[in-house]
Amino acid sequence: MSVSIHPHWENILQHTFESPYFKALIDFVKSAYVSSRCFPPGKMIFTAFNLCPPEKTKVVILGQDPYHAPGQAQGLCFSVPNGITHPPSLINIFKEMEKDLGTPYPKNGDLSPWSKQGVLLLNATLTVEAHNAGSHQGKGWEIFTDQVIQILSNKYENIVFLLWGAYAKQKIKLIDKKKHCVLNSGHPSPLSANRGYWFGNGHFSKTNNYLTEKGKEPIDWTL
């Protein structure tokens, strides 16, 4: 499995790709995909990067693991292909978007139109074994995605980082808050959302207000 990623990401991550930890990670991923069923499909592992080059990144949404049921994971956090039933967290994301922006609840769970506008839909761990949540954590993906966050923070300005839930909030230490906008809330999962930690955060409108203030094109969140 060779790393196939947008050339702009390849340029700024070249040192990472040549590092011992990343080579060990790729060896693990290759072996895992041969010995067991894993998601997303190999060609989709870097979809988030291929749809959203670094210089076009305006928003970062951080997830934890890819979906681990068949047909769901497509290399974009929280996103599922068109025609796939919306998972609970995605349902709550859409409900909050509907409330915040007054837009209709989307029928399509494919968030790739967001990516193409500059929303990096980044899972901290980019692969997972089928029906085994967290199975590829601690293998090196988190080192890689932490480096991606730091590169975006250091190299660019005025990016909105949406940190949803306790795990994502830990990444705030990687972000220069003087250069970027960081918005925190509970996770959109039912466990968090039903306790009042998700609904009403207004993150979609707040993101667009910030981007507009900085002279950037706001995100069209409708799907």
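Thresholds, definitions, all that
Residues numbered from 1 in each chain as written. Predicted model: local features only at pLDDT ≥ 70, side-chain atom pairs only at ≥ 80, totals over all residues. Heavy atoms only, no water. Helix = DSSP H or I, 4+ residues; strand = E, 2+ residues; numbered from the N terminus. Rg over C-alpha atoms; globule rule 2.2 N^0.38 Å. Buried < 20%, exposed > 50% of the residue type's maximum accessible area, 1.4 Å probe, protein only. Contact = heavy atoms within 4.5 Å. Areas by Shrake-Rupley, 256 points an atom, 1.4 Å probe, with all protein chains shown as cover. Lys, Arg positive; Asp, Glu negative; His and termini not counted. Charge placed at Lys NZ, Arg CZ, Asp CG, Glu CD. Salt bridge = Lys/Arg side-chain N within 4 Å of Asp/Glu carboxyl O. Pairing = 2+ DSSP bridges. Axes fitted to C-alpha atoms, helices over the stretch in contact; angles between N-to-C directions. Parallel < 35°, antiparallel > 145°, perpendicular 65-115°, else oblique. Left-handed = near helix turned anticlockwise from the far one by under 90°. Nonpolar A, V, L, I, M, F, W, Y, C, P; charged D, E, K, R; others polar. 1 Å grid on protein atoms, 1.4 Å probe; cavity = no way out; pocket = protein on both sides within 12 Å on 5 of 7 lines; lining within 4 Å. Points joined across faces, edges and corners; volume = space filled by probe spheres on them. Polar contact = N/O pair within 3.5 Å; in protein donor to acceptor, adjacent residues only side chain to side chain.

Asks: Hey, could you run me through the overall build of the chain in this one?
Replies: On a plain count of helices and strands, the chain comes out with nine helices and six strands. Here the chain has a C-alpha radius of gyration of 17 Å; the compact-globule value for 223 residues is 17 Å, and the two agree. With respect to the three principal axes, the spread of C-alpha positions in the chain is 45 × 35 × 25 Å. By the burial criterion, 53% of the 223 residues in the chain qualify as buried. For the chain, contacts bridging at least 24 residues in sequence account for 66% of all contacts bridging at least 6. Of the accessible surface of the chain, which amounts to about 10,200 Å², a share of 51% is contributed by carbon and sulfur atoms. Taking the 22 positively charged and 17 negatively charged side chains of the chain as two groups, their mean positions are separated by 3 Å.

Asks: Please explain the side chain of Glu142 as it appears in this structure.
Replies: Note that Glu142 resides in helix α6 (residues 141-155). Although Glu142 lies buried, it forms no salt bridge, and the closest oppositely charged side chain, Lys171, sits 7.3 Å away as judged by the N-O distance.

Asks: What's the story with the sheet that holds strand β2 (residues 59-63) in this structure? I'm lost.
Replies: Strand pairing within a sheet occurs via backbone hydrogen bonds; the two strands may be parallel or antiparallel. Strand order in the open sheet formed by four strands is β3-β2-β5-β6, with parallel pairing between adjacent strands. Lying at the two open borders of the sheet, with one neighbouring strand each, are β3 (119-123) and β6 (181-185). On average, adjacent strands in this sheet sit at an angle of 20° to one another, irrespective of strand direction. Lying over the sheet, α6 contacts β2, β3 and β5 (160-164), oriented at roughly 155° with respect to β3.

Asks: Looking at this structure, how should I read the packing of helix α1 (residues 7-17) against α6?
Replies: For any two helices packed against each other, one specifies the crossing angle of their axes together with the interaxial distance. α6 packs onto α1 with a crossing angle of 130° between their chain directions and a minimal axis gap of 11 Å. The angle between the axes of α1 and α6 places the two elements in the oblique class. Both α1 and α6 take part in a crossing whose hand is right-handed. In contact with Trp9, Ile12, Leu13, Thr16 and Phe17 of α1, α6 contributes Phe144, Gln147, Val148, Ile151, Leu152 and Lys155. Tallied by class, the residues present in the contact of α1 with α6 amount to eight nonpolar, two polar and one charged.

Asks: Honestly, the layout of surface pockets in this entry has me stumped. Any pointers?
Replies: Empty space among the atoms becomes visible once a probe the size of a water molecule is rolled across them. Looking at the largest pocket, its volume works out to about 470 Å³. Taken together, 27 residues make up the lining of the largest pocket; nearest its centre are Asp65, Pro66, Tyr67, Phe78 and His187. At the level of secondary structure, the elements contributing two or more residues to the lining of the largest pocket comprise β2, α4 (88-101) and α7 (166-169). In terms of residue count, α7 provides more of the lining of the largest pocket than any other element does, three residues in total. For the lining of the largest pocket, the class distribution of residues is 15 nonpolar, eleven polar and one charged.

Asks: Sorry if this is basic, but what is going on with empty space enclosed by the protein here?
Replies: Within the structure shown, the criterion is met by one cavity of 30 Å³ or more. Taken as a whole, the largest cavity holds about 40 Å³ of empty space. Lining the largest cavity we find Ile45, Pro66, Gly75, Leu76, Cys77, Leu121, Asn123 and Leu126. Looking at side-chain class alone, the lining of the largest cavity contains six nonpolar, two polar and no charged residues.

Asks: Help me understand the environment of Tyr67, please; the structure alone is not making it clear to me.
Replies: In this structure, Tyr67 sits in the loop between β2 and α4. Along the chain, Tyr67 and Val80 lie 13 residues apart, while their C-alpha atoms are 8.5 Å from each other. A distance of 2.9 Å separates the side chain of Tyr67 from the backbone oxygen of Phe78, its partner in a polar contact.

Without other data, these values stay purely geometric and don't point to any function.
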